[in-house]
Amino acid sequence: MWRHAELLPIDVPDGIATAAGDTPLIRSRRLDEVAGCRVYVKDEGENPTGSYKDRGSAVAVPQAIQQGTDVVGTVSYGNMALSTAAHAASLGCECVVLVPADISPGRLELIAQYGPTILRVEGDYSKLYDEALQLTRDLPISFLLSDAPGRISGYKTALFEIYDSLYPEIPDAIALPASSGGFASGVWRGILDLQHAGVIDSPPRLYLIQTAASDPITRAYTADQDEVSALAPDAVGETIAHSIGNPDPPSGTRALTAVGETGGAVCSVTDDEIRDATRQFAQRGGFCVEPASATPLAGVRHLTRRGEIDEDETVVLLPTGTGFKELGTGTASIQTETVSRTALSSRLESLLSS
Ligand SMILES: *Cc1c(COP(=O)(O)O)cnc(C)c1O
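Residues numbered from 1 in each chain as written. Predicted model: local features only at pLDDT ≥ 70, side-chain atom pairs only at ≥ 80, totals over all residues. Heavy atoms only, no water.

### A few points about the UniProt feature "domain: Tryptophan synthase beta chain-like PALP" (unreviewed entry) in the protein chain
And step 1. The UniProt feature table records "domain: Tryptophan synthase beta chain-like PALP" (unreviewed entry) at residues 17–321.
And step 2. With 43% helix and 16% strand, residues 17–321 has end C-alpha atoms that lie 17 Å from one another. (UniProt positions renumbered as here; feature names shortened; annotations may be inferred. Helix = DSSP H or I, 4+ residues; strand = E, 2+ residues; numbered from the N terminus.)

Shown next, in the form of structure tokens:
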């Protein structure tokens with residue numbers, strides 16, 4: 001991602017930050033039929049800690065250190081926590097991760113491998129966002145949350161790379177999941193930079209996909225509102241897409257504006273659609289993506305059916321994180337058969353002839 005250092009607010013840092021970004025863009029013809037258009041996949045799961053969050057941490061963590069911080073922190077028990085802790089570790093900076101008291105052992109193990117101080121915080125976890133901002137003002141610690149300016153500028157490099165890789169072709173649309181709206185804000189920032197530099201005339205349409213279990217940005221879009229309002233607790237459900245579903249997204253309104261300015265749309269998908277899209281990504285694309293990251297495929301399928309995207313249009317799907325961290329939960333139903341060594345050859349013969 002540091003090919004674009006001149007458009008970033010800091011010089012090239014040391015350590016794992018140099019491995020962030022530069023993810024592959026893959027033409028995935030076998031997904032065209034599912035999506036209903038020409039599909040490219042920008043696989044953000046190939047970042048050092050397995051998600052696009054590394055683009056943001058690669059800028060925000062060294063920037064905070066340059067500004068004099070000795071300790072960085074974050075409020076997350078998912079990809080943001082892993083990424084912040086890894087980037088801090090690689091620069092020898094202390095890191096404090098605030099997690100909910102009832103965090104699962106598996107999540108804890110993933111975060112703990114990078115050696116941050118992990119504090120389980122009791123009470124309403126969703127209120128911690130504002131409290132962490134206040135703690136940053138009061139104490140010598142920098143909480144780097146989803147909309148930290150350094151993170152947003154790191155995220156825009158995903159957009160630059162899409163244009164680099166596709167050149168001389170250009171994308172008609174880009175589809176990504178949205179939760180806090182941070183990644184969407186970064187991608188839009190990248191579009192504005194390219195327009196400002198005269199590299200592109202018209203922007204690609206931004207399509208943001210949410211989980212139907214918690215979709216404040218979709219609701220604002222559908223109701224034709226200019227601002228995203230927080231969902232009431234009784235309007236929020238459970239979802240397998242655990243990396244998304246923020247009921248009060250800090251960058252929601254900015255993400256909604258990006259959609260309006262680029263002529264895109266916001267839509268929501270159900271857990272069943274997410275499960276199916278995860279399977280299609282793997283079985284037609286060869287991609288292992290986490291449920292939140294399968295939403296762009298599920299969403300684009302809706303949008304092509306609705307006629308918002310044409311079948312000859314080029315659409316870049318942004319699966320935001322790897323599914324490798326998800327596996328081993330034993331919930332999948334898998335068909336297998338056991339075969340003896342002596343019967344193997346004849347079993348294969350009958351399979352191959354059927
Ligand atoms: C954080 C995250 C998202 C949501 O991104 P926002 O910037 O919060 O909108 C989507 N997918 C994955 C895998 C994530 O880790």
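### Observations concerning the sheet that holds strand S10 (residues 314–317)
And step 1. Pairing within the open sheet is mixed, and its six strands lie in the order S1-S2-S10-S7-S8-S9. Every other strand in the sheet has two partners, leaving strand S1 (25–27) and strand S9 (265–269) as the edge strands with one partner each. Mean inter-strand twist for the sheet, computed between neighbouring axes without regard to direction, equals 25°.
And step 2. Judged from the three bridges that link them, S1 and strand S2 (residues 38–42) form a sheet pairing that is antiparallel. The partner of Arg27 across the bridge, within S2, is Tyr40.
And step 3. Across the sheet, helix H9 (residues 252–262) touches strand S8 (205–211) and S9, and the angle it forms with S8 is around 140°.
And step 4. Each of S2, S8, S9 and S10 is contacted by helix H10 (residues 271–285), which is oriented at about 95° to S9, the strand it contacts most. (Pairing = 2+ DSSP bridges. Axes fitted to C-alpha atoms, helices over the stretch in contact; angles between N-to-C directions. Contact = heavy atoms within 4.5 Å.)

### A look at unusual backbone geometry
And step 1. A cis geometry characterises the amide bond from Tyr167 onward to Pro168, with omega recorded as 10°.
And step 2. By the secondary structure assignment, Pro168 is in the loop between helix H6 (149–166) and strand S7 (173–177).
And step 3. In the Ramachandran plot, Asp22 falls in the positive-phi region, its phi being about 55° despite a non-glycine side chain.
And step 4. Relative to the elements of secondary structure, Asp22 occurs in the segment before S1.
And step 5. Even without a glycine there, the phi angle at Asp224 is positive, about 60°.

### Let's talk about the packing of helix H7 (residues 182–196) against H9
The packing of two helices is summarised by the inter-axis angle and the distance between the axes.
And step 1. Packing of H7 against H9 leaves a shortest axis separation of 9 Å and a crossing angle of 40°. Regarding the angle of H7 to H9, the classification is oblique. Two packed elements cross with a definite hand, and for H7 against H9 that hand is left-handed. On H9, the residues touching Ala184, Ser185, Trp188 and Ile191 of H7 are Arg254, Ala255, Thr257, Ala258, Glu261 and Thr262. (Parallel < 35°, antiparallel > 145°, perpendicular 65-115°, else oblique. Left-handed = near helix turned anticlockwise from the far one by under 90°.)

### Description of the packing of H6 against H7
And step 1. Here H6 crosses H7 at 60°, and the two axes come no closer than 7 Å. Our classification of the angle between H6 and H7 gives oblique. Crossing angle aside, the handedness with which H6 passes H7 is right-handed. Residues Ile152, Tyr155, Lys156, Ala158, Leu159, Phe160 and Tyr163 of H6 lie in contact with H7, whose contacting residues are Gly182, Phe183, Ser185, Gly186, Val187, Arg189, Gly190, Ile191, Asp193 and Leu194.
And step 2. Looking at side-chain class alone, the contact of H6 with H7 contains 10 nonpolar, four polar and three charged residues. (Nonpolar A, V, L, I, M, F, W, Y, C, P; charged D, E, K, R; others polar.)

### Here we look at the packing of aromatic side chains
And step 1. Per the stated rule, a full pass over the model turns up five aromatic pairs.
And step 2. Ring geometry for Tyr77 and Tyr125: centres 5.5 Å apart, planes at 75°, overall edge-to-face. Of the two residues, Tyr77 is situated in the loop between strand S3 (71–75) and helix H3 (79–90) and Tyr125 in the loop between strand S5 (117–121) and helix H5 (128–138); the sequence distance between them amounts to 48 residues.
And step 3. The partly exposed category is assigned to Tyr77, whose relative accessible area is 35%.
And step 4. With relative accessibility at 19%, the residue Tyr125 sits in the buried group.
And step 5. Site record: aromatic cluster; members linked through ring pairs are Tyr52, Tyr155 and Phe183.
And step 6. The ring of Tyr40 has Arg27 sitting right over it, with the charged end atom 5.7 Å from the ring centre. (Phe/Tyr/Trp six-rings, centres within 6.5 Å; stacked < 30°, edge-to-face > 60°. Buried < 20%, exposed > 50% of the residue type's maximum accessible area, 1.4 Å probe, protein only. Lys NZ or Arg CZ within 6 Å of the ring centre and 35° of its normal.)

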